[in-house]
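# Summary of the model geometry
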Amino acid sequence: MKTLSQYLLEFERDNPEHKGLRLAIEDIAKACARISDLVGRGALVGIHGDAGETNVQGESQQQLDILSNQIMLDMLAWSGNWAGLASEEMENIYHIPARYPKGKYLCAFDPLDGSANIDINMPIGTIFSVLPYDRSDAPHNRDFLRPGSEQIAAGYALYGACTMLVLTLGHGVQRFTFDRSIGEFFLTKENIRIPDSASFSINLSNYRFWEKPMQQYIDLCLAGDQDELAKNYNMRWMGCMIADSHKALEKGGVFMYPADNRDPAKPAKLRLLYEVSPMSYLFEQAGGRATTGTENILDIIPTELHQRVPAILGSKAEVDYIEALHQAALKKTD
Ligand code: AHG
Ligand code: MN
Ligand code: MN
């Protein structure tokens, strides 16, 4: 089986304009391997539970949120591959220390996605987005506010029964599996194409807070073959965007965290820059689609680092259908 290093080297030979991307992705893969090791030790080394602090999102931080964030900074700052870093766990961007050379990429990441799953040994992950940066002066927050269509790489690590790295460099989606005994990622699935499947992932407990078209779609899924969708649906909700999205990417279906009116200050939950945008790039590269319900995720120009957006990601046919329900609802209000 091909290792991640071999895949990246071959990619670089075939795409010389992306020279340098290989080493940048290797930095991230090494960081994810270290996070995977920590995740695997958990309570044995006292890193479960609250850190007793809250992050810029106003969410209480788990110890592993902070440790994973530190590992990402430690593994990317010194390598000379990066010009700046942004994280769910940091209010502003991280500037590469003066003692290190600067690179030509920006990375935005969620170091530990699914934090509520940490203490109960359920799936968690790390998600990252890579943007090009061609200036020699230091970046500002605003340099990260680019539409997802400008990403040159995106991916995630999924810390489950095994650790997987799912990656796109703009040439399809590849899945790698970590071999702990030798510390290498091996290519275990090439060119993932998202199949059609009657399966949806959503937190149903928020039903009453959703917009009408989302309620309408879920009603139709629950009606199964008794209504216009004419097939019975299955449901999953693992409480980790990476895990629920990974299931949809590999087995088909749709992952949704729609707009909801629980908190007017937070019309959506997931963050665009380092959760929804990288995942949308992966879904589109796998032949799927990614929308807020009314606009393509990859077209959205972020207004601030931690902006939240509704997310509907899945197989093309299913997402087209859901978007049509949203468009019809818009027409009614016109
Ligand atoms: P994070 O742990 O990085 O804050 O992300 C958690 C997100 C996402 O991973 C998941 O899909 C969603 O929160 C779950 O939200 P609910 O607990 O509201 O279902
Ligand atoms: Mn997250
Ligand atoms: Mn997180």
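The name given to the protein chain in an unreviewed UniProt entry is Fructose-1,6-bisphosphatase class 1, and the organism recorded there is Ostreibacterium oceani. Its UniProt record, at the heading Sequence similarities (unreviewed entry), says of the protein chain: "Belongs to the FBPase class 1 family." Listed under Catalytic activity (unreviewed entry) in UniProt, the entry text for the protein chain is "beta-D-fructose 1,6-bisphosphate + H2O = beta-D-fructose 6-phosphate + phosphate".

A word on the coordination of the manganese ion (ligand 3). Here the manganese ion (ligand 3) is held by Glu88 (OE), Glu88 (OE), Asp110 (OD) and Leu112 (O), and the distances to it run 2.3 to 2.7 Å. In this structure, the manganese ion (ligand 3) is positioned 3.7 Å from the manganese ion (ligand 2), and both are ligated by Asp110. Pair check on accessibility: Asp110 and Leu112 agree, each one buried.

The subject of this paragraph is empty space enclosed by the protein. In the structure shown here, the tally under the stated rule is 3 cavities of 30 Å³ or more. Estimated volume of the largest cavity: approximately 40 Å³. Taken together, Glu211, Met214, Pro258, Ala259, Thr292, Pro310, Ile312 and His326 form the lining of the largest cavity.

All right, on to the packing of aromatic side chains then. Two descriptors summarise a pair of aromatic rings, namely the distance from one centre to the other and the angle between the planes of the rings. The final tally for this structure, using the stated rule, is 8 aromatic pairs. Where Trp237 meets Phe255, the ring centres are 5.6 Å apart and the plane angle is 10 degrees; that geometry is what we call stacked. Of this pair, Trp237 sits in the loop between strand S12 (234-236) and helix H5 (241-251) while Phe255 sits in strand S13 (residues 254-257); the two residues are 18 residues apart in sequence, bridging distant segments of the chain. A residue is classified by how much of its surface remains accessible, and Phe255, at 1% relative accessible area, is buried. Every member of this aromatic cluster is reached through a ring pair, and the members are Trp237, Phe255 and Tyr257.

In this section: the pairing of strand S1 (residues 50-54). Across a regular strand the side chains alternate sides, sitting on one face of the sheet and then on the other. Sheet topology note: the S1/strand S2 (residues 60-62) ladder contains 3 bridges and is antiparallel. Its bridge partner being in S2, Glu53 is matched across the sheet by Gln61. Connecting the antiparallel pair S1 and S2 is a turn made up of 5 residues, with Gly58 showing a positive phi of about 80 degrees.

Below, the discussion takes up the layout of surface pockets. Taken as a whole, the largest pocket encloses approximately 590 Å³ of empty space. When residues of the lining of the largest pocket are traced back to their parent elements, those giving at least two are S2, strand S5 (105-113), H5 and S13. For the lining of the largest pocket, the element with the most residues is S5, which contributes 3 residues. Within this model, the second largest pocket holds a volume of roughly 300 Å³. Lining of the second largest pocket is provided by 18 residues; of these, Val39, Gly40, Asn121, Tyr159 and Gly160 occupy positions nearest its centre. The greatest single-element share of the lining of the second largest pocket, amounting to 4 residues, is contributed by helix H2 (residues 21-41).

To continue, consider the coordination of the manganese ion (ligand 2). Surrounding the manganese ion (ligand 2) are the protein donor atoms Asp110 (OD), Asp113 (OD) and Glu275 (OE), at 1.9 to 2.1 Å. Mapped onto the sequence, the donors of the manganese ion (ligand 2) take the spacing D-x2-D-x161-E.

As a further point, take the nonpolar core. In this structure, Leu21, Ile25, Trp82, Phe128, Val130 and Leu169 are the most contacted members of the largest nonpolar core, which totals 45 residues. No other element matches H2, which puts 11 residues into this core. Here Leu21 is in contact with Phe11, Glu12, Tyr105, Val130, Ile152, Ala153 and Leu169, once residues within four sequence places are set aside. Ile194, Ile242, Ile297 and Leu313 belong to the second-largest nonpolar core, a separate cluster that totals 28 residues.

What follows is about the UniProt feature "domain: Fructose-1-6-bisphosphatase class I N-terminal" (unreviewed entry) in the protein chain. Look at the UniProt record and you will see "domain: Fructose-1-6-bisphosphatase class I N-terminal" (unreviewed entry) annotated at residues 3-190. Helix makes up 25% of residues 3-190 and strand 32%, whereas the separation of the span's terminal C-alpha atoms amounts to 12 Å.

Residues in close proximity to ligand 1 total 18 residues, the closest being Asp113, Gly114, Ser115, Met241 and Tyr257. In this structure, Glu88 approaches ligand 1 through a side-chain N or O atom, which is 3.0 Å from an oxygen atom. Within the side chain of Trp237, a nitrogen or oxygen atom sits 3.0 Å from an oxygen atom of ligand 1. Protein coverage of the free-state accessible area of ligand 1, which is 470 Å², stands at 85%. Judged by the fraction of its atoms near the pocket grid, ligand 1 is located in the largest pocket. Of all the secondary structure elements, the ones that give two or more residues to the shell around ligand 1 are S5 and S13. It is S5 that provides the largest number of residues to the shell around ligand 1, a total of 3 residues.

Rules behind the numbers
Residues numbered from 1 in each chain as written. Chains lettered and ligands numbered in written order. Predicted model: local features only at pLDDT ≥ 70, side-chain atom pairs only at ≥ 80, totals over all residues. Heavy atoms only, no water. UniProt positions renumbered as here; feature names shortened; annotations may be inferred. Donors = N, O, S within 2.8 Å, 3.2 Å for Na, K, Ca; no water. Buried < 20%, exposed > 50% of the residue type's maximum accessible area, 1.4 Å probe, protein only. 1 Å grid on protein atoms, 1.4 Å probe; cavity = no way out; pocket = protein on both sides within 12 Å on 5 of 7 lines; lining within 4 Å. Points joined across faces, edges and corners; volume = space filled by probe spheres on them. Phe/Tyr/Trp six-rings, centres within 6.5 Å; stacked < 30°, edge-to-face > 60°. Helix = DSSP H or I, 4+ residues; strand = E, 2+ residues; numbered from the N terminus. Pairing = 2+ DSSP bridges. Core = buried A, V, L, I, M, F, W, Y, C linked by side-chain atoms within 4.5 Å. Contact = heavy atoms within 4.5 Å. Near = heavy atom within 4 Å. Polar contact = N/O pair within 3.5 Å; in protein donor to acceptor, adjacent residues only side chain to side chain. Areas by Shrake-Rupley, 256 points an atom, 1.4 Å probe, with all protein chains shown as cover. Sits in = over half its atoms within 2 Å of the grid points.

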